[in-house]
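Residues per chain, in single letters:
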Amino acid sequence: MEKTIEIKAIDKEKALKRALNILGVELTDNETVDIVEKVAPRKKFFGLLGTEPGIYEISIKTKQEEKKEVKEHKEHKPHVHKYEKEKTEKHVKNEKVEKPEKAEKVEKTEKVDHSGQEKEISEKVAFFVEKMKLDIKYKIKRVKERVYVVEFFGKDNALIIGQKGKTLNSFEYLLNSMIKNCKIEIDVEKFKEKRNDTLKVLAKRMAEKVSKTGKTVRLNAMPPRERKVIHEVVNKYPDLDTFSEGRDPKRYIVIKKKR
C-alpha cells in the first residue's frame, strides 16, 4: 500500500516528520520512503528573516503486510522520534550545565552582554552591507545601557536613507527584530536630526489644518521615534487629540478635533 502527501517545510527531515504525523504512520523496516523536492526552500532577505518553506512530496510504500504490528512497533522504533528524543535529552543536559555557570558569573554578566551585543550588531550590519554591495562604512557606539547607535557614512548614504528615511527605518526595524535585549538606532550623517525638523513642520501644518476644517487627518506610517515627535507638537493644541492606530511597522498617527 502506498501513501503520498505534499508537505511544506524548510528541509527534508522536517517534511518527513510532518508527513508521518499527518498520515499517522510509524516507519519500520517493512516500509520505504521516497522524498521529492518539488519547490526548494528560499531564504528571506539574504537569510536575515529566516527561510520560506519548500514543498516536498513524501511517498511511503509498504514492502509487505505486517502480521505482527504490535510486536514490530516495539522492536523498530521510528528514526524520527528517536532523533527527537536524543535532541531533547541533550537540550535538557545542556540546560542543567549552563544554569550553574550563569549563577557563578552574575557580576560579569553586564560586561559580557555589552561585548556580545556589539559583536552581534556588527556582524549583522556587515552582512547586510556586503550583500547589498554598498560603498559605505559604519561605526557602533553604546550611548546608554543596552542602547546602541549605528552611524553610517560614505558614498552610498542615500541608499541607506531611502525615500523620506523609509529604508533607514526598515533597516532599523529589521535589526531590532533580530537582536533582542537591546535597542538599536541607525543614523546617516545626522539625518534623523534633519528629519525631526521636517516632522515638526509637518505636525504643525496638519494640526492647523484639523483645527481649521474639523476634519480628521491620518498620517503615513512611521516608526515610534517619529510618531513621538508628531505627538509632542500636536499635544500643544488644546482643541486637538492625537493617537496611534495599527501595528508596527505600519502603525500611523491620527489627528482629530476634540468633541
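Residues numbered from 1 in each chain as written. Predicted model: local features only at pLDDT ≥ 70, side-chain atom pairs only at ≥ 80, totals over all residues. Heavy atoms only, no water.

In the predicted model, the chain carries a mean pLDDT of 78, and the fraction of residues at 70 or more is 77%. Note on residues 65-74: pLDDT is under 50 here. Beyond four places in sequence and across chains, it has six contacts. Here residues 76-112 is a poorly scored stretch, pLDDT under 50, and it has 13 contacts once near neighbours within four places are set aside; other chains count. (pLDDT = per-residue confidence, 0-100. Contact = heavy atoms within 4.5 Å.)

Take the nonpolar core next. I121, V125, F152 and F171 are the most contacted members of the largest nonpolar core, which totals 22 residues. Broken down by element, the residue count for this core peaks at five residues, all from helix α6 (residues 166-178). Those residues in contact with F171, other than ones at most four positions away along the chain, are V125, F128, F152 and I186. In this structure, L199, M206, A207 and L240 belong to the second largest nonpolar core, which totals 15 residues. (Core = buried A, V, L, I, M, F, W, Y, C linked by side-chain atoms within 4.5 Å. Buried < 20%, exposed > 50% of the residue type's maximum accessible area, 1.4 Å probe, protein only. Helix = DSSP H or I, 4+ residues; strand = E, 2+ residues; numbered from the N terminus.)

Right, let's talk about the side chain of S59 for a bit. When you line up the elements, S59 lands in strand β5 (residues 54-62). Within the local environment of S59, its side chain forms a polar contact with the side chain of T4, the two groups lying 3.2 Å apart. In this structure, S59 is in contact with E2, K3, T4, T32, V33 and D34, ignoring residues within four places of it in sequence. (Polar contact = N/O pair within 3.5 Å; in protein donor to acceptor, adjacent residues only side chain to side chain.)

On to the sheet that holds strand β7 (residues 147-154), then. If you trace the three strands from one edge of the open sheet to the other, you get β6-β7-β8, paired in mixed fashion. Looking at the sheet topology across the chains shown, the edges are occupied by β6 (136-144) and β8 (183-188). Adjacent strand axes in the sheet meet at a mean angle of 25°, parallel and antiparallel pairs treated alike. Inspection of the sheet shows β6 paired to β7 by eight bridges, in the antiparallel sense. Across the sheet, K139 pairs through a bridge with E151, a residue of β7. Strands in contact with α6 are β7 and β8; relative to β8, the strand with the most contacts, it is inclined by about 155°. (Pairing = 2+ DSSP bridges. Axes fitted to C-alpha atoms, helices over the stretch in contact; angles between N-to-C directions.)

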